[in-house]
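Summary of the model geometry
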Amino acid sequence: MLCLSIDRKPRWYGLYILVFASLFSLFLLTGQKLFASENCTSIEQLIEELEDSDSDRCWDAINALGSSGDKRAVPPLMTALAKDMKQRKGIAMAIIPALGHLKDVRAVPLLIKSLNNLDEDWLGREAAAQALGDIGATKAVPGLIRAAWLPETRNAAIEALAAIGDPRAVDVLLSALSESEMPGAREAAVAGLIHIGQPAVPALIDKLKTRHKKYSENHERALVAEILNKILYGAPPGDSHRK
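Given the structure is predicted, the values throughout are model-derived calculations rather than measurements. (Residues numbered from 1 in each chain as written. Predicted model: local features only at pLDDT ≥ 70, side-chain atom pairs only at ≥ 80, totals over all residues. Heavy atoms only, no water.)

1. Focus: the overall build of the protein
The helix and strand tally for the protein stands at 12 helices and zero strands. Each helix and strand of the protein, placed in order from N terminus to C terminus, yields the pattern α-α-α-α-α-α-α-α-α-α-α-α. Carbon and sulfur atoms make up 58% of the accessible area of the protein, which amounts to about 14700 Å² in all. (Helix = DSSP H or I, 4+ residues; strand = E, 2+ residues; numbered from the N terminus. Areas by Shrake-Rupley, 256 points an atom, 1.4 Å probe, with all protein chains shown as cover.)

2. Some thoughts on a nonpolar patch on the surface
On the surface, Trp59, Met93 and Leu123 cluster together into a nonpolar patch covering about 300 Å² of accessible area. Following the sequence through the fold, Trp59 ends up in helix H2 (residues 55-68). (Patch = residues over 30% accessible without salt bridge, like charges linked within 9 Å, V, L, I, M, F, W, Y side chains within 5 Å. Salt bridge = Lys/Arg side-chain N within 4 Å of Asp/Glu carboxyl O.)

3. A look at the packing of helix H3 (residues 74-87) against helix H5 (residues 108-115)
With their axes 11 Å apart at the nearest point, H3 and H5 run at an angle of 20° to one another. Here H5 runs roughly parallel to H3, going by the angle between their axes. In terms of crossing hand, the pair formed by H3 and H5 is left-handed. Along the contact surface, H3 presents Met78, Leu81, Ala82 and Met85, while H5 presents Leu110, Leu111, Lys113 and Ser114. Here the residues of the contact of H3 with H5 sort into six nonpolar, one polar and one charged. (Axes fitted to C-alpha atoms, helices over the stretch in contact; angles between N-to-C directions. Parallel < 35°, antiparallel > 145°, perpendicular 65-115°, else oblique. Left-handed = near helix turned anticlockwise from the far one by under 90°. Contact = heavy atoms within 4.5 Å. Nonpolar A, V, L, I, M, F, W, Y, C, P; charged D, E, K, R; others polar.)

4. What about the packing of helix H8 (residues 154-164) against helix H10 (residues 183-196)?
It is the contact of H8 with H10, at a shortest axis distance of 8 Å, that shows an interaxial angle of 20°. Taken together, the axes of H8 and H10 are roughly parallel relative to one another. Regarding H8 and H10, the two cross each other, and that crossing is left-handed. Of the residues in H10, those in contact with Asn155, Ile158, Glu159, Ala162, Ala163 and Ile164 of H8 are Gly184, Ala185, Ala188, Ala189, Gly192 and His195. The residue inventory of the contact of H8 with H10, partitioned by class, reads seven nonpolar, four polar and one charged.

Listed below in structure tokens is the structure:
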């Protein structure tokens with residue numbers, strides 16, 4: 001009887017699979033090396049494009065450097081920012097957030113300088129406050145507190161101070177609990193006071209004890225109670241009645 005097996009593999013089949021797997025592994029390894037090399041080169045190219053006369057290419061390079069996470073981008077971005085603070089070509093509005101994304105403390109002094117630039121033509125103060133908050137720069141707290149009392153930078157400075165969580169900011173964060181504040185700033189102030197924790201308690205208690213017809217038992221006092229409850233008992237906002 002003649003028997004045919006349709007599942008039988010040729011003798012060279014196993015060798016073919018072994019060779020294919022070896023070549024595929026080599027391909028992946030080579031690709032990884034090429035990708036690493038291209039990535040290294042791209043950072044250098046992006047840095048070069050900071051000097052490009054084409055503003056679109058320059059902006060694209062700044063945004064890419066800020067998203068790269070590569071600390072090599074920090075010094076050239078700082079140089080470009082210092083230059084633009086004098087020339088006012090507008091690229092500072094891209095450079096400042098990029099430095100914030102990179103979270104490198106080397107940029108803090110220049111960002112503080114940008115924050116403190118009160119020239120009416122300078123538009124980088126709000127962006128600088130946001131970037132300093134992203135970095136978590138405690139050195140910037142005094143400047144951010146001053147900026148929090150200026151209308152054009154108040155919201156950004158409040159949010160930055162809340163993110164940093166320095167006890168020196170307690171009073172200004174308390175001032176941002178008012179219903180007249182922008183919702184984002186008020187929410188940031190609540191989070192910031194909770195972040196500061198125990199050092200904020202005395203001022204919060206004083207605020208709660210203060211009685212005035214215009215805000216007795218109002219939203220602001222309720223927020224203070226909730227913040228204290230969170231700090232002292234770990235209860236989430238809105239649960240102050242349970243303690």
